[in-house]
Amino acid sequence: MPTSMLMPSLSPTMEEGVLAKWLVKEGDFVKPGTMLCSVETDKTTVDYESLDEGFLRKIIVPGGSPAKVNQLIAVLTDEKDEDITAYLEKALKKSQDMVASKSGAKAAPAPVAVSNGSGPSSASYAPARAATVAAPEPVAHGGASDGRVKASPLARKMAEDAGIALQGLAGSGPNGRVIRRDIENYKPEPKATPGAGKTGAAKADGPVQRPLFGSLAPIAPTVDTPINMMRKTIGKRLLESTQGTPTFYVTMKVAMAAVNTLRAQLNRSPGYKISVNDIITKATAFALREFPSVNSSYHGDFIRQNANIDICVAVSIDGGLITPIVRDADQKGLGLISTEIKQLVSKAKAGKLAPDEYQGGTFTISNLGMYGVDEFTAIINPPQAAILAVGGIQQECYLQDGVAKERDVMKLTLTSDHRVIDGALAAQFLAGLKSLLENPMWLML
Amino acid sequence: MPMIEMREALNQALKEEMTRDEKVFILGEEVAEFNGAYKVTKGLLDHFGPKRVIDTPISESGFTGLAVGAAMMGLRPVVEFMSFNFSLVAIDQIISNAAKMYYMSGGLYNIPMVMRGPNGAGPRVSSQHSHNMESVYAHFPGLHVMAPSTPADAKGMLKAAIRCNDPVIFLENELAYNLKEEVPEGDYIIPIGKGDIKRQGTDVTIIAWSRMMSLAKTAAEELAKEGLNVELLDPRTLKPLDMPLIAESVKKTNRVVVVEEGHYFSSLGAQVAESIYTDLFDYLDSPIARVCQSENPMPYAANLEAATLPSVEKIIRAAKQVTYRN
């Protein structure tokens, strides 16, 4: 049975790519993981990996030629010399339609190579990031021709809080401005995708969702979700990390009074909303400057101590997680770090990160504090040598000169790759970070 | 509570404060023998005598400077401008001396001084006698600016102004002197910097002060008939602004109309709007609308004067605009 392979969308701005080079020939047998071709996008060159098994029956777009996103580039078959004449005619027509609709509607769903098979075995060619777009989301797609959505600041905030995409919403204000009532009256488009019904129904009740517990919560049906590229990548990389890395964990408790005070002072400045996480990011970058060997990566036959301090911040997104990067975090002020993180998070949630915004990075911070977690251990993101797991701020009783007092504390846990970092270094690094957080004015130096 | 006019409420405040503190005295044109051009100082000469209620020559620059000097020496002068239009003659004393003395003297001299009188357009007094001075005086650091809209507010606010250790510009309104409302008896203070919600509402906040609040009240009643629930916010003190109160209201209604009698350009209303845009951007569902005096000198002709000034109809139109009703 033939399977179409389409030009993938590898960045949010990509409309066309150049199929730089085929890495397999017509007639070759390919299986999941085989590199098929390299694609040059407006940002980078990416190798396109097969997720299906079969024979590369026909190459439609030869190496060196441009192709629009969703354009048919090749056909895969189960049999080596299967007749695809009839299939090809239909597939070409279908791909033309998809190309046309892609250029018409900006927020088209993830460009996915269409497989004729059905069921979980027919994996689709969604690149890791685009997979989030394919996830069920109550998005009303429309034709904002210049891509700029006019919305009142309130409507923008309400939409963000409720997880409603402004793109394509019909605004009832002047010049199509989306205003409060448009968000309040918003009804998600019904979708056939599994899972969409549940999310959609919950959101249709109003923009603010409250979790339902116990018997009030609807009984969720059993759902088999095919493993998408993002889950595959998460699984593969983290399994590699846990199985192949001699890790150890060091935990330290930090008194948070000074950070709380500083944050309150900073946030009195209009326009800024500095979070604890922003301050931790900045302090971590400072501590890495002091202990550059922690800012290293393990490459099998050598250890690279990185010159740049590029901090990955783990962000939970629909269907998985991603770690966008604050580059040169040690050289940036808190205001800039805060703004960048906010932008990266909202881009991540919208599935709009460009590869250079999440690839690379020299150290990772994972913060589950906002979920009320005391402490946890994180898995190293290879080839990085360490990852910092941040717990929530808790109140505790402690003794000072024999008198019981109350204070806010937070626990930091560093997971280290022992091939790069030894116990004493991990402890020194954490102690350095602790003293920065307990004396955050040092961050001004 | 007795129903009294604005002029009487102001008179009570002056009398009570002069009784409470003998350092308080009044000076200005016709404040004594004539009982004040608008009768705000009625009976005070008889009660307190000519040392504390002083008729001055027509010399605003002179008696304002004299008051600054008296304040430096520890007295608490209340200067009456027959009209704030005439304060322009004394503006150097007000801005360069009264407002700056505390700073220039390195903190040696406070200026506990009130400058009060009618502000804004009277009926058909034309282009030289209709100025709204709040935007000018609020511009300069060193001055508090207050403008009551009701008799009860006027009394409590004037008492706060007289007790303030820094110079206060206290703006009354000729057309509001006979506004009659219930006023609490005896001593009470409405602190500087404290605004008031004059009407609770949910759909749009109309911010207005002085006589404009009366227009806004009428507009709110009209709009209520059409199902629009207006919140009326009177900042009362124009500098410093009660931003916490404004924030509370804007977070509730998400739409704002600012009404002021003065001109549109470079005005206090523009400052109110700017503060809201800066602090409360995410809470706005529409651009702020402003209702102001049009950009022309005040005409003498009654119909043109009405066209120049804000009106109930203009406020209604603005409220509908920000709530997307038209």
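It should be noted that the structure appears before, not after, this text.
Definitions and limits used
- Residues numbered from 1 in each chain as written.
- Chains lettered and ligands numbered in written order.
- Predicted model: local features only at pLDDT ≥ 70, side-chain atom pairs only at ≥ 80, totals over all residues.
- Heavy atoms only, no water.
- Helix = DSSP H or I, 4+ residues; strand = E, 2+ residues; numbered from the N terminus.
- Buried < 20%, exposed > 50% of the residue type's maximum accessible area, 1.4 Å probe, protein only.
- Areas by Shrake-Rupley, 256 points an atom, 1.4 Å probe, with all protein chains shown as cover.
- Contact = heavy atoms within 4.5 Å.
- Salt bridge = Lys/Arg side-chain N within 4 Å of Asp/Glu carboxyl O.
- Buried area = accessible area lost by both parts, 1.4 Å probe.
- Nonpolar A, V, L, I, M, F, W, Y, C, P; charged D, E, K, R; others polar.
- Phe/Tyr/Trp six-rings, centres within 6.5 Å; stacked < 30°, edge-to-face > 60°.
- Lys NZ or Arg CZ within 6 Å of the ring centre and 35° of its normal.
- Core = buried A, V, L, I, M, F, W, Y, C linked by side-chain atoms within 4.5 Å.
- Axes fitted to C-alpha atoms, helices over the stretch in contact; angles between N-to-C directions.
- Parallel < 35°, antiparallel > 145°, perpendicular 65-115°, else oblique.
- Left-handed = near helix turned anticlockwise from the far one by under 90°.
- Pairing = 2+ DSSP bridges.
- Patch = residues over 30% accessible without salt bridge, like charges linked within 9 Å, V, L, I, M, F, W, Y side chains within 5 Å.
- Lys, Arg positive; Asp, Glu negative; His and termini not counted.
- Charge placed at Lys NZ, Arg CZ, Asp CG, Glu CD.
- Polar contact = N/O pair within 3.5 Å; in protein donor to acceptor, adjacent residues only side chain to side chain.

A. How the structure looks around the overall build of chain B. Each helix and strand in chain B was counted, giving twelve helices and 14 strands. Taking all 326 residues of chain B together, 56% fall into the buried category. Here chain B has roughly 13300 Å² of accessible surface; of this, 55% comes from carbon and sulfur atoms.

B. Seen up close, the overall build of chain A. Along chain A, the regular secondary structure elements total eleven helices and 18 strands. Every one of the 445 residues in chain A was classed for burial, and the buried ones make up 44%. In chain A, the proportion of contacts linking residues at least 24 apart, taken out of those at least 6 apart, comes to 64%. Accessible surface for chain A amounts to roughly 22900 Å². Of this, 54% is attributable to carbon and sulfur atoms.

C. A look at the pattern of salt bridges. All names here are of chain B. If you walk through the whole model with that rule in mind, you get 33 salt bridges over all chains. Arg20 is the salt-bridge partner of Glu17, the closest N and O atoms lying 2.7 Å from each other. Of the two residues, Glu17 and Arg20 are both situated in helix α1 (residues 6-20); the distance of three residues between them amounts to about one turn of the helix. Its salt-bridge partner being Arg236, residue Asp196 comes within 3.9 Å of it at the nearest N-O pair. Of this pair, Asp196 sits in strand β9 (residues 196-199) while Arg236 sits in the loop between β11 (230-234) and β12 (237-239), and the two are 40 residues apart along the sequence. Given the relative accessible area of 8%, Arg236 is considered buried. Connected through shared salt-bridge partners, Glu16, Glu17, Arg20, Lys155, Lys159, Arg163 and Asp187 make up one network.

D. Quick look at the interface of chain B and chain A. With 15 residues of chain B at the contact, the number on the chain A side is twelve residues. When the two sides are added together, the surface that chain B and chain A hide from each other amounts to roughly 1000 Å², 52% of it contributed by carbon and sulfur. Together, B:Asp282, B:Asp285 and B:Tyr324 form the three largest contributors to the area buried by chain B at its contact with chain A, with a combined 51%. Between chain B and chain A we count zero salt bridges in total. The set of elements that each furnish at least two residues to the side of chain B that touches chain A consists of α9 (243-253) and α10 (268-280) of chain B. Residues of the side of chain B that touches chain A, tallied by class, amount to five nonpolar, five polar and five charged.

E. The arrangement of α9(B) in detail. For α9(B), the complete set of buried residues consists of B:Met243, B:Leu245, B:Ile246, B:Ala247, B:Ser249, B:Val250 and B:Thr253. Phi for B:Asn254, located one or two positions after α9(B), is positive at around 65°.

F. View of the packing of aromatic side chains. Throughout the structure, instances matching the rule amount to seven aromatic pairs over all chains. Ring plane angle 55° and centroid distance 5.8 Å describe the contact between A:Phe363 and A:Phe429, whose orientation is recorded as tilted. Within this pair, whereas A:Phe363 is found in strand β16 (residues 363-367), its partner A:Phe429 is found in helix α11 (residues 423-438), the two being separated by 66 residues in sequence. Taken as a pair, A:Phe363 and A:Phe429 share a single burial class, namely buried. Through successive ring pairs, a cluster of aromatic residues spans B:Phe63, B:Phe81, B:Phe84 and B:Tyr137. The ring of A:Tyr398 carries the charged tip of A:Arg407 above its face, separated from the ring centre by 4.4 Å. In this structure, A:Arg419 packs its charged tip against the face of A:Tyr298, placed 3.7 Å from the ring centre.

G. Representation of the nonpolar core. Membership of the largest hydrophobic core comes to 52 residues, with the highest contact counts inside it found for A:Leu388 and A:Leu437. The residues touching A:Leu437, leaving out its near neighbours within four places in the chain, are A:Val254, A:Ala255, A:Ala258, A:Val259, A:Ile279, A:Ile280, A:Ala283, A:Met410 and A:Leu412. One finds B:Ala71, B:Met133, B:Met243 and B:Leu280 within the second-largest nonpolar core, a separate group that totals 45 residues.

H. Representation of the packing of helix α3 (residues 60-72) of chain B against helix α4 (residues 91-98) of chain B. All names here are of chain B. Contact geometry for α3 and α4: axes closest at 8 Å, N-to-C directions at 20°. By the angle between their axes, α3 is roughly parallel relative to α4. Taken as a pair, α3 and α4 cross one another with a handedness that is right-handed. Note on element contacts: α4 touches α3 through Gln93, Ile94, Asn97 and Ala98, opposite Ser61, Thr64, Gly65 and Val68. Classifying every residue of the contact of α3 with α4 gives three nonpolar, five polar and no charged.

I. Just the pairing of strand β4 (residues 35-40) of chain A, in detail. All names here are of chain A. Pairing of strand β2 (residues 16-22) with β4 involves four bridges; the strand directions are antiparallel. The residue bridging Trp22 from the neighbouring strand is Cys37, located in β4. Here β4 pairs with strand β5 (residues 45-49) via five bridges, running antiparallel. Residue pairing for β5: Glu40 is matched across the bridge by Thr45.

J. Broad picture of the environment of A:Val250. All names here are of chain A. Position of Val250 among the secondary structure elements: in strand β9 (residues 247-255). In this structure, the C-alpha to C-alpha distance between Val250 and Ala427, residues 177 residues apart in sequence, is 6.7 Å. In this structure, Val250 is in contact with Leu412, Thr413, Leu414, Ala426, Ala427 and Leu430, ignoring residues within four places of it in sequence.

K. Structural detail: the sheet that holds strand β3 (residues 29-30) of chain A. Residues and elements named next belong to chain A. Spatially, four strands are ordered β1-β8-β6-β3 in an open sheet, and the strand pairing comes out antiparallel. The open sheet has two edge strands, β1 (3-6) and β3, and neither has a second partner. Alignment of β3 against strand β6 (residues 54-59), held across two bridges, turns out to be antiparallel. Within β6, the position partnered with Val30 by the bridge is Gly54.

L. The arrangement of the sheet that holds strand β2 (residues 24-28) of chain B in detail. Residues and elements named next belong to chain B. Here seven strands make up an open sheet; going across it, the order is β3-β2-β4-β5-β7-β6-β12 and the pairing mixed. Edge positions in the sheet fall to β3 (53-55) and β12, since each of these pairs with one other strand and no more. Across this sheet, the average inter-strand angle for adjacent strands is 20°, counted without regard to direction. Sheet topology places strand β5 (residues 114-118) next to strand β7 (residues 168-172); five bridges connect them, and they run parallel. Bridging from a neighbouring strand, Gly117 pairs with Leu171 of β7. On top of the sheet, helix α7 (residues 151-163) reaches β2, β4 (76-80), β5, β6 (144-146), β7 and β12; it is set at about 160° to β7, its chief contact.

M. Focus on a negative patch on the surface. Together, A:Glu53, A:Asp78, A:Glu79 and A:Asp81 give the surface a local cluster of negative charge. Relative to the elements of secondary structure, A:Asp81 occurs in the loop between β8 (72-77) and α1 (85-104).

N. Summary view of the side chain of B:Glu80. Residues and elements named next belong to chain B. Along the chain, Glu80 turns up in strand β4. Side-chain polar atoms of Glu80 contact the side chain of Arg116, separated by 2.8 Å. Those residues in contact with Glu80 that lie beyond four places of it in its chain are Leu27, Gly28, Glu29, Val31, Gly36, Ala37, Thr41, Phe63 and Arg116.

O. Structural view of unusual backbone geometry. That bond from A:Pro382 to A:Pro383 is cis: its omega, 5°, falls within 30 degrees of zero. Secondary-structure assignment places A:Pro383 in the loop between β16 and β17 (386-400). Here B:Lys239 and B:Pro240 are connected by a cis peptide whose omega angle stands at 0°. Its location among the elements puts B:Pro240 in the loop between β12 and α9. At B:Arg124, a position not held by glycine, the phi torsion is positive, near 55°. Summarising the element assignment, B:Arg124 is placed in the loop between β5 and α6 (134-139). Phi angles above zero are rare outside glycine, and B:Arg236 is one such case at about 60°.

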